[in-house]
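# Survey of secondary and tertiary structure
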Amino acid sequence: MSCYFVAQITIHDPDLYERYLDSFDEVFDRYSGTVVAVDDAPVILEGGWPCTRTVLIRFRDKDEAQRWYRSEEYQKIARYRHGAADANIVLIEGRN
């Protein structure tokens, strides 16, 4: 069953966040995921959306999403994101 990685991110240090982005594709391309959307200005239909960036990534299943997220390679670059931004991140299962 497909799995989606959803991140709401508030970037405080754009230069440090850029270091994260500089290595992201190289690491991400080793896993079977697809970046579906990255939006810095989503259209809010209800409620509030306090974050400055929203990211949606699709994986074939939860195991692959976890394999990518917990990988040594990703965690090595994630430290830049941790220092540059605050994030709310969840995995949600798709319907098929």
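Structure first, text after, so check above.
This report concerns the structure included in the present document. Sequence positions are assigned chain by chain, starting from 1 and proceeding in written order. Owing to the predicted nature of the model, reporting of local features is limited to residues with pLDDT of at least 70; listing and counting of side-chain atom pairs is limited to 80 or more, with chain, interface and lining totals taken over all residues. Excluding hydrogens and water, the side-chain figures rest on all heavy atoms present in the structure.

## A closer look at helix 1 (residues 14-28)
Short version of the rule: Think of it this way: any DSSP run of H or I at least four residues long counts as a helix, any run of E at least two long counts as a strand, and we number them from the N terminus. For a helix, the expected span equals 1.5 Å multiplied by the residue count minus one. To get the bend at a given residue, fit one axis to the seven residues ending there, fit another to the seven starting there, and take the angle between those axes. Throughout, exposure labels follow a simple rule: accessible area from a 1.4 Å probe, protein chains only, divided by the maximum for the residue type, with under 20% read as buried, over 50% as exposed, and the rest as partly exposed. Contact criterion: two residues are considered in contact whenever any of their non-hydrogen atoms come within 4.5 Å of each other.
An ideal rise of 1.5 Å per residue puts 21 Å on 15 residues; helix 1 measures up with 20 Å between its terminal C-alpha atoms. Aspartate 22 marks the point of greatest bend in helix 1, at about 25°. All buried positions along helix 1 are accounted for by Tyr17, Tyr20, Phe24, Val27 and Phe28. Against the buried residues of helix 1 lie strand 1 (3-11), strand 2 (33-39), strand 3 (53-59), helix 2 (62-70), helix 3 (72-84) and strand 4 (85-93).

## Quick look at the environment of serine 71
As a reminder of what qualifies: N or O atoms closer than or at 3.5 Å make up a polar contact, with two conditions inside protein: a donor-capable atom paired with an acceptor-capable one, and, for residues adjacent in sequence, both atoms drawn from side chains.
Here serine 71 lies in the loop between helix 2 and helix 3. On the basis of relative accessible area, serine 71 is assigned to the buried category, the value being 7%. In sequence terms serine 71 and valine 27 are 44 residues apart; their C-alpha atoms lie 9.3 Å from each other. If near-sequence neighbours (up to four positions away) are discounted, serine 71 is found in contact with Tyr31 and Gln66. Side-chain polar atoms of serine 71 contact the backbone oxygen of tryptophan 68, separated by 2.8 Å.

## Quick notes on the nonpolar core
Side chains that are nonpolar tend, in soluble globular proteins, to be buried together. Note the threshold: Among buried residues, the Ala, Val, Leu, Ile, Met, Phe, Trp, Tyr and Cys ones that are joined through side-chain atoms within 4.5 Å form a nonpolar core.
The biggest cluster of nonpolar side chains holds 21 residues, and the ones touching the most others in it are Tyr20, Phe24, Ile57, Phe59, Trp68, Tyr74 and Ile77. For this core, the secondary-structure elements that each account for two or more residues are strand 1, helix 1, strand 3, helix 2 and helix 3. Residues in contact with tyrosine 74, not counting those within four places in the same chain, are Tyr20, Phe24, Val27, Trp68, Tyr69 and Arg81.

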